[in-house]
Amino acid sequence: MSETTEPAAPKAVHRVRGVDHAAFPTFDPVGTVRFYRDVLKFPVVHSICAAGWGPEKHPDFIHFFFDIGNGDRLAFFYYFGWQPAGDQSAPGDAWARLPHETPEFFKNSRHIALNVSDEEDLLEYRSRLDESEWPVEMQVMHETIESIYTHDPNGYMLEITRQLRPVTLQEDLDAALTIEALCDVAAGEDPSMDKLLTRKAELIVEKAGDWENENPAWRESVEV
Amino acid sequence: MARFYVLEVPENEGVIRVAADDPTCTVDRVGPYCRLTANGPIVIDRRATGVRHAVWYSAVSGLEASVVTQHDKDALRVESR
């Protein structure tokens, strides 16, 4: 045979392509649809009406999906007849309640953040929320992103965020060194920020010079 | 000797500038990090840096034989351990 074919390029190690869907339970489908479809104007793109499922005691449920851009989806389960567990006056959300003394920072650590492209779009979502029953609770300028926050009708914290600038090469190095230092100190006794920063300085001395030689383009991000 | 590292990104420029303006503090570079060194404590005045809250509290990348003894709305103080 004279026919030749190019060998297929090897596939990348990292192959996933973002969020297909993230799913959460709801006990308030009416509020959930008002919040995501009517206030935020996220299209409803899919739903499943299931009469039980698998195990004998599985309740009938509706699984419904909102488009969150980029082909990604946010999904909810509504189980007919199912009641929320735990003390409903305690901090938490539709999925779980935490002890009463749990601080806000911990409760809010589990959240979903959606990306918008610029300030105009961030402020557009801010105004949609502010005109609704779920006004923006905070608008925060972080290190490299600006975000607005509210809680949806289920108690889930929703963040909408815009990047203030692209992530630089040196921040990828810094993240890698932080995670190496974190894993080292978290595997030892009494992990602390002090121990992490001490370990990270050792890693900077060991690796940052070689990294710079391999990544000279990093300077473009700080040269005016 | 007090010594700590700050990543060179645009947001940290104010911290690095204040250190460089301090005659007791030496600033040199290790890869993309600025290395701040002084014989005595290094004290960075928050207001002089002009950096915002989130940047201020995440500006320190590494501590070499040193310890943070103050990091609040007024100042960052790093001393020999």
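Calculation notes
- Residues numbered from 1 in each chain as written.
- Chains lettered and ligands numbered in written order.
- Predicted model: local features only at pLDDT ≥ 70, side-chain atom pairs only at ≥ 80, totals over all residues.
- Heavy atoms only, no water.
- Contact = heavy atoms within 4.5 Å.
- Buried area = accessible area lost by both parts, 1.4 Å probe.
- Salt bridge = Lys/Arg side-chain N within 4 Å of Asp/Glu carboxyl O.
- Polar contact = N/O pair within 3.5 Å; in protein donor to acceptor, adjacent residues only side chain to side chain.
- Helix = DSSP H or I, 4+ residues; strand = E, 2+ residues; numbered from the N terminus.
- Nonpolar A, V, L, I, M, F, W, Y, C, P; charged D, E, K, R; others polar.
- Pairing = 2+ DSSP bridges.
- Axes fitted to C-alpha atoms, helices over the stretch in contact; angles between N-to-C directions.
- 1 Å grid on protein atoms, 1.4 Å probe; cavity = no way out; pocket = protein on both sides within 12 Å on 5 of 7 lines; lining within 4 Å.
- Points joined across faces, edges and corners; volume = space filled by probe spheres on them.
- Phe/Tyr/Trp six-rings, centres within 6.5 Å; stacked < 30°, edge-to-face > 60°.
- Lys NZ or Arg CZ within 6 Å of the ring centre and 35° of its normal.

Moving on, we come to the interface of chain B and chain A. Chain B puts 23 residues into the contact, and the matching count from chain A is 27 residues. Between chain B and chain A, a total of about 1900 Å² is buried, with carbon and sulfur atoms accounting for 59% of that surface. There are 3 salt bridges connecting chain B and chain A. Note that B:R81 is salt-bridged to A:D194, the shortest N-O span being 2.7 Å. In this assembly, chain B and chain A are joined by 10 residue pairs in polar contact (both at pLDDT 80 or more). Contributions of two or more residues to the side of chain B that touches chain A are made by β1 (2–7), β2 (25–30), α3 (53–56), β5 (62–63) and β6 (66–71) of chain B. Among the residues making up the side of chain B that touches chain A, the classes are represented as 12 nonpolar, 5 polar and 6 charged.

This paragraph deals with the sheet that holds strand β4 (residues 42–45) of chain B. Residues and elements named next belong to chain B. Sheet architecture is open: 3 strands sit in the order β4-β7-β6, paired in antiparallel fashion. Only two strands of the sheet have a single neighbouring strand rather than two, namely β4 and β6. Each adjacent strand pair in this sheet contributes to an overall mean axis angle of 15°, direction not counted. Examined bridge by bridge, β4 and strand β7 (residues 75–80) share 4 bridges and lie antiparallel to one another. Bridge assignment links I42 to a residue of β7, and that residue is V78.

As a further point, take the layout of surface pockets. With a probe scaled to a water molecule rolled over the atoms, the places where space remains empty come into view. Approximately 660 Å³ is the volume attributed to the largest pocket. Around the largest pocket sit 26 residues that line it, and A:E143, A:D174, A:K200, B:S58 and B:A59 are the ones nearest its centre. Elements with a minimum of two residues in the lining of the largest pocket: α4 (169–186) and α5 (193–214) of chain A together with β6 of chain B. By residue number, the principal contributor to the lining of the largest pocket is α5(A), which donates 5 residues.

Moving on, we come to the packing of aromatic side chains. In this description, a pair of aromatic rings is defined by centroid distance and the angle of the planes. Residue and element names in this part refer to chain A. Scanning all chains against the criterion turns up 16 aromatic pairs over all chains. A network of ring pairs unites the aromatic residues F24, F35, Y36, F42, F64, F66, F76, Y125, W134 and Y156 as a single cluster. One cation-aromatic arrangement involves R128 over Y125; the distance from NZ or CZ to the ring centre is 4.8 Å.

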